[in-house]
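# Tertiary structure, described
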Amino acid sequence: MGNATLASGREITLVDLPGVYSLSPRSEDERVAHDILTGTMPDFPRPDAILLILDSTNLGRHLMLAAPVLALACPP
């Protein structure tokens, strides 16, 4: 986690989640990512935005992660 100040002066908190291939929590990394992104992690608010970085060398596999992340529909 880290804090940043946007050009507008707004302060935000950035959270770097573990690299995962799925939001189906089968591993501890996937459970952490799932719980934070869905807002079910205790004492941790649901994110206002998600920056998802996909590896283009294995795009098919990574797009399988992008679909459920996009379905979370973060507020605009």
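Calculation criteria
- Residues numbered from 1 in each chain as written.
- Predicted model: local features only at pLDDT ≥ 70, side-chain atom pairs only at ≥ 80, totals over all residues.
- Heavy atoms only, no water.
- Helix = DSSP H or I, 4+ residues; strand = E, 2+ residues; numbered from the N terminus.
- Buried < 20%, exposed > 50% of the residue type's maximum accessible area, 1.4 Å probe, protein only.
- Lys, Arg positive; Asp, Glu negative; His and termini not counted.
- Salt bridge = Lys/Arg side-chain N within 4 Å of Asp/Glu carboxyl O.
- Polar contact = N/O pair within 3.5 Å; in protein donor to acceptor, adjacent residues only side chain to side chain.
- 1 Å grid on protein atoms, 1.4 Å probe; cavity = no way out; pocket = protein on both sides within 12 Å on 5 of 7 lines; lining within 4 Å.
- Points joined across faces, edges and corners; volume = space filled by probe spheres on them.
- Pairing = 2+ DSSP bridges.
- Expected span 1.5 Å × (residues − 1).
- Contact = heavy atoms within 4.5 Å.

### A look at the side chain of Glu-30
Looking at the secondary structure, you find Glu-30 in helix α1 (residues 28-38). The charged side chain of Glu-30 is buried without a salt bridge, its nearest counter-charge being Arg-26 at 4.6 Å. At a separation of 3.0 Å, a polar atom in the side chain of Glu-30 contacts the main-chain amide nitrogen of Arg-26.

### A look at the layout of surface pockets
The space that makes up the largest pocket amounts to roughly 1,000 Å³. In terms of lining residues, the largest pocket is bounded by 30 residues, among which Val-15, Pro-47, Ala-49, Ile-50 and Leu-51 are the most central. Within the residue set of the lining of the largest pocket, elements represented by two or more residues are β2 (11-14), α1 and α2 (59-71). When residues of the lining of the largest pocket are assigned to their parent elements, the largest contribution, 4 residues, is made by β2.

### Remarks on the pairing of strand β1 (residues 2-5)
For a regular strand, side chains alternate in direction, first toward one face of the sheet and then toward the other. Across 4 bridges, the pairing between β1 and β2 is antiparallel. Each bridged residue has a counterpart across the sheet, and for Thr-5 the counterpart in β2 is Glu-11. What sits between β1 and β2 in their antiparallel hairpin is a turn of 5 residues, with Gly-9 showing a positive phi close to 95°.

### Section: α2
An ideal rise of 1.5 Å per residue puts 18 Å on 13 residues; α2 measures up with 18 Å between its terminal C-alpha atoms. For α2, the full list of buried residues reads His-62, Leu-65, Ala-66 and Val-69. In this fold, the buried residues of α2 make contact with α1. Ala-73 occupies a position one or two residues after α2 and carries a positive phi of about 50°.

This is a description of form; function is not addressed.
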